[in-house]
Amino acid sequence: MTETTGVWPEELFHDLDRTGPIPLYFQISSRLIEAIHSGAIPAGARLENEIAISQRLGLSRPTVRRAIQELVDRGLLVRRRGIGTQVVQGQVTRPVELTSLFEDLQSSKHAPGTTVLTHEVIPATDTAAARLGVPAGADVLHIRRRRTSDGTPMAILENYLPADLADITREQLEERGLYQLLRSRGTTIRVANQKIGARRAHDDEGRLLDIDRNGPVLQMERVAFDNSGRAIEYGVHIYRPDLYSFETTLVAR
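Residues numbered from 1 in each chain as written. Predicted model: local features only at pLDDT ≥ 70, side-chain atom pairs only at ≥ 80, totals over all residues. Heavy atoms only, no water.

**Examining the overall build of the protein**
The secondary structure content of the protein amounts to 8 helices and 10 strands. Looking at the protein as a whole, 44% of its 253 residues qualify as buried. Within the protein, contacts between residues separated by at least 24 positions form 61% of all contacts whose residues are at least 6 apart in sequence. (Helix = DSSP H or I, 4+ residues; strand = E, 2+ residues; numbered from the N terminus. Buried < 20%, exposed > 50% of the residue type's maximum accessible area, 1.4 Å probe, protein only. Contact = heavy atoms within 4.5 Å.)

**Here we look at the pattern of salt bridges**
Counted according to the given criterion, the structure contains 11 salt bridges. A salt bridge links Arg185 to Asp167, with the nearest nitrogen and oxygen atoms 2.9 Å apart. Of this pair, Arg185 sits in the loop between α7 (178-184) and β7 (189-200) while Asp167 sits in the loop between β6 (152-162) and α6 (170-175), and the two are 18 residues apart along the sequence. You can call Arg185 partly exposed: its relative accessible area is 36%. Residues participating in the shared-partner salt-bridge network are Glu50, Arg61 and Arg65. (Salt bridge = Lys/Arg side-chain N within 4 Å of Asp/Glu carboxyl O.)

**Concerning the layout of surface pockets**
Counted as a void, the largest pocket has a volume near 270 Å³. Val78, Arg79, Arg80, Arg81, Asp210, Ile211, Asp212, Gly215, Pro216, Arg240, Pro241 and Asp242 together form the lining of the largest pocket. Here the lining of the largest pocket takes 3 residues from strand β1 (residues 77-80), the largest share from any one element. Of the residues contributing to the lining of the largest pocket, the split by class is 4 nonpolar, 1 polar and 7 charged. (1 Å grid on protein atoms, 1.4 Å probe; cavity = no way out; pocket = protein on both sides within 12 Å on 5 of 7 lines; lining within 4 Å. Points joined across faces, edges and corners; volume = space filled by probe spheres on them. Nonpolar A, V, L, I, M, F, W, Y, C, P; charged D, E, K, R; others polar.)

**Details of the sheet that holds strand β5 (residues 139-149)**
Sheet architecture is open: 6 strands sit in the order β4-β5-β6-β9-β8-β7, paired in antiparallel fashion. One side of each edge strand has no neighbouring strand; the edge strands of this open sheet are β4 (112-123) and β7. Pairs of neighbouring strands in the sheet enclose a mean axial angle of 15°, with direction left out of account. For strand β8 (residues 216-226) and strand β9 (residues 231-239), the ladder comprises 8 bridges, and the chain directions are antiparallel. Looking across to β9, one finds that Leu218 is bridged to Tyr239. (Pairing = 2+ DSSP bridges. Axes fitted to C-alpha atoms, helices over the stretch in contact; angles between N-to-C directions.)

**Quick notes on the side chain of Arg144**
Along the chain, the position of Arg144 falls in strand β5. Classification of Arg144 as buried rests on a relative accessible area of 15%. At 2.9 Å, the side chain of Arg144 and the side chain of Asp204 are in polar contact. Arg144 has contacts with Thr115, Val116, Leu117, Thr118, Ile156, Leu157, Glu158, Asp204, Glu205 and Leu208, leaving out every residue within four places of it along the chain. (Polar contact = N/O pair within 3.5 Å; in protein donor to acceptor, adjacent residues only side chain to side chain.)

**Brief notes about the packing of helix α2 (residues 50-57) against helix α3 (residues 61-73)**
In the contact formed by α2 and α3, the axes pass within 9 Å of each other and the chain directions differ by 115°. Handedness of the α2/α3 crossing: right-handed. The residues of α3 that touch α2, namely those facing Glu50, Ile51, Ile53 and Ser54, are Arg61, Val64 and Arg65. Tallied by class, the residues present in the contact of α2 with α3 amount to 3 nonpolar, 1 polar and 3 charged. (Left-handed = near helix turned anticlockwise from the far one by under 90°.)

Given below as structure tokens:
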């Protein structure tokens, strides 16, 4: 099974019950789910198209389409223009807490990778200045990175830091997470204000994330503060929703 050749594990379906009370689409989707979870169909594998699957199994195309859609709705498969239906690369679920994506990937046994797209000292925009509590036009370090998980693009991370942190280097950012670097300098992030939403990709985001040009993305905006209450970083991060989700616990009052 490979990413480039459409696959269909026909051996999973040789004993479909075609006369019993359990719908055929449900039998197919259930066996596919089990195969994905067991690794029999690996992450990144691309399934054959619905017409080919229908012919193989001797079933109607609507039955096969409904079975596949069940897995798309569960986030196990993704339909991608020009590629087809593909098993997702193993979604990372992130608790809503003060951790970095780099650390989340490491803790979930994925290999993080970083490409630094921008690393420059610039005059703070009005928004960045307001978030960091510095005068508009004051020097800030602007960094923009693409983060991968096991080689697959997952997120674009854009951050603004106060000028006294401008000596954080491009090489350091390629090797470690931003929060790890801050802690190594004696900076402890104590609290953050965070907003999570969704929007469509724009500019070069679709290309960088390997998704449709205007495909949906998750966006997280965060302002983090150190022990003294000083704003230490302002970040706007976007994530591929097929590979990443946020998790939180709600308590009734």
